[in-house]
Amino acid sequence: DTTIAQTLAGSEQHSTLVNAIKTAGLEATMSGTQPYTLFAPTNAAFGAVPEEVRSGLTQPANRERLVGLLRLHIVPGAVTVQDMRAAIDRGQGGRAELATLSGETLTLSREGDAVLIGDGAGGRARLSGSEAIHANGVVLGVDAVLMPAE
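Definitions and limits used
Sequence order as written defines residue numbering, which begins from 1 separately in each chain. Reporting in this predicted model follows two pLDDT cut-offs: at least 70 for local features of residues, and 80 or more for side-chain atom pairs to be given and counted; totals over whole chains, interfaces and linings ignore these cut-offs and use all residues. The side-chain quantities take in all heavy atoms of the structure and omit both hydrogens and water. Helix axes use the C-alpha atoms of the stretch in contact, all axes being lines fitted to C-alpha atoms, and the angles between their N-to-C directions lie in the range 0 to 180 degrees. A run of H or I in DSSP becomes a helix once it reaches four residues, and a run of E becomes a strand once it reaches two; helices and strands are each numbered from the N terminus. The labels follow the angle: roughly parallel below 35 degrees, roughly antiparallel above 145, roughly perpendicular from 65 to 115, and oblique for the rest. Helix crossings are classified by the rotation of the near helix relative to the far one: an anticlockwise turn of less than a right angle makes the crossing left-handed, while a clockwise turn makes it right-handed. Between two residues, a contact is recorded if the distance between any of their heavy atoms is within 4.5 Å. For this classification, Asp, Glu, Lys and Arg are treated as charged, while Ala, Val, Leu, Ile, Met, Phe, Trp, Tyr, Cys and Pro are nonpolar and the rest, including Gly, are polar. Within this scheme, the nonpolar core is defined by two criteria: the residues are buried Ala, Val, Leu, Ile, Met, Phe, Trp, Tyr or Cys, and they are joined through side-chain atoms within 4.5 Å. A 1.4 Å probe rolled over the protein chains alone gives each residue an accessible area, and that area as a share of the maximum for its type sets the label: buried under 20%, exposed over 50%, partly exposed in between. Points on a 1 Å grid over protein atoms alone make up a cavity when a 1.4 Å probe fits among them but cannot get out, and a pocket when they form an open set with protein on both sides within 12 Å along at least five of seven lines; lining residues each have an atom within 4 Å of a point. Grid points are joined across faces, edges and corners, and a volume is the space filled by probe spheres set on the points. By definition, two strands form a pair when at least two bridges between them are found by DSSP.

*Asks:* Explanation requested: the packing of helix H2 (residues 15–24) against helix H6 (residues 63–71) in the structure shown.
*Replies:* For any two helices packed against each other, one specifies the crossing angle of their axes together with the interaxial distance. Two elements in contact, H2 and H6, have axes whose closest approach is 9 Å; the angle formed by their N-to-C orientations is 125 degrees. With respect to H6, the axis of H2 lies oblique. Of the two possible hands of crossing, H2 and H6 adopt the one that is left-handed. Each of Leu17, Ala20, Ile21, Thr23 and Ala24 in H2 lies in contact with H6, whose residues at this interface are Arg63, Leu66, Val67 and Leu70. For the contact of H2 with H6, the class distribution of residues is 7 nonpolar, 1 polar and 1 charged.

What follows is the structure in structure tokens.
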């Protein structure tokens, strides 16, 4: 049984995320026994973030901002795509909410079969790729970096 951290380390599409997790000091969270769901932006998703924002996040002085940004992508517990679709179908107005480790809430909705994740800044990411269930949670690929409310 592999952990979220072990799987990400072997993923060529998530090397930027792996480096960000290391810089933020969140490796233990992704390696521990506590179950989490990680919305994992691909390298292409990080590449779409404006350069000045991206480079700023890797500065030691901005470590807390980076930690907050990454914690926005982590939800306590193992939440599968099936769980999300069921919550959206039960939710008011075809929506559901997930509380993140950052303290902010993500809004889930559907567009056809696609599950969309709305962030506090008004952006949206789409689940992309496959769902990977691990010893300590679930990794779900997303096509955009979620941003906190300013």
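*Asks:* Just checking my understanding: could you explain the nonpolar core for this structure?
*Replies:* When a protein is soluble and globular, its nonpolar side chains tend to lie buried together. Counting 23 residues, the largest nonpolar core has Ile4, Leu8, Leu17, Ile21, Met30, Leu38 and Leu70 as its most contacted members. Within the residue set of this core, elements represented by two or more residues are helix H1 (4–9), H2, strand E1 (36–41), helix H4 (43–47) and H6. For this core, the element with the most residues is H2, which contributes 5 residues. Excluding anything up to four places from it in sequence, Met30 contacts Thr3, Ile4, Ala5, Ile21, Tyr36, Leu38, Ile74 and Asn136. In this structure, Leu72, Ile88, Ala96 and Leu106 belong to the second largest nonpolar core, which totals 21 residues.

*Asks:* Is there a simple way to think about the layout of surface pockets in this case?
*Replies:* To locate leftover empty space, one rolls a probe as large as a water molecule over the atoms. Counted as a void, the largest pocket has a volume near 200 Å³. The wall of the largest pocket is formed by 13 residues, among which Gln13, His14, Gly129, Ser130 and Gly141 lie closest to the centre. The set of elements that each furnish at least two residues to the lining of the largest pocket consists of H1, strand E6 (124–134) and strand E7 (137–142). With 4 residues, E6 is the largest single contributor of residues to the lining of the largest pocket. Taken together, the residues of the lining of the largest pocket sort by class into 4 nonpolar, 9 polar and no charged. By volume, the second largest pocket is sized at about 160 Å³. Thr16, Ala20, Phe46, Arg54 and Thr58 are the residues nearest the centre of the second largest pocket, which is lined by 13 residues in total. When residues of the lining of the second largest pocket are traced back to their parent elements, those giving at least two are H2, helix H5 (51–57) and H6.

*Asks:* Please clarify how the sheet that holds E1 should be interpreted in this entry.
*Replies:* Picture the strands of a sheet paired through backbone hydrogen bonds; they go either parallel or antiparallel. Read from one edge of the open sheet, 7 strands run E2-E1-E7-E6-E5-E4-E3, paired in mixed fashion. Either end of the sheet is taken by a strand with one partner, and the two such strands are strand E2 (74–76) and strand E3 (95–99). Pairs of neighbouring strands in the sheet enclose a mean axial angle of 35 degrees, with direction left out of account. Relative to strand E4 (residues 105–111), E3 is paired through 5 bridges, and the arrangement is antiparallel. Paired with Leu98 across the two strands is Leu106, which belongs to E4. Running over the sheet, helix H7 (residues 81–90) touches E1, E3, E4, strand E5 (114–118), E6 and E7 and is turned about 85 degrees from E4.

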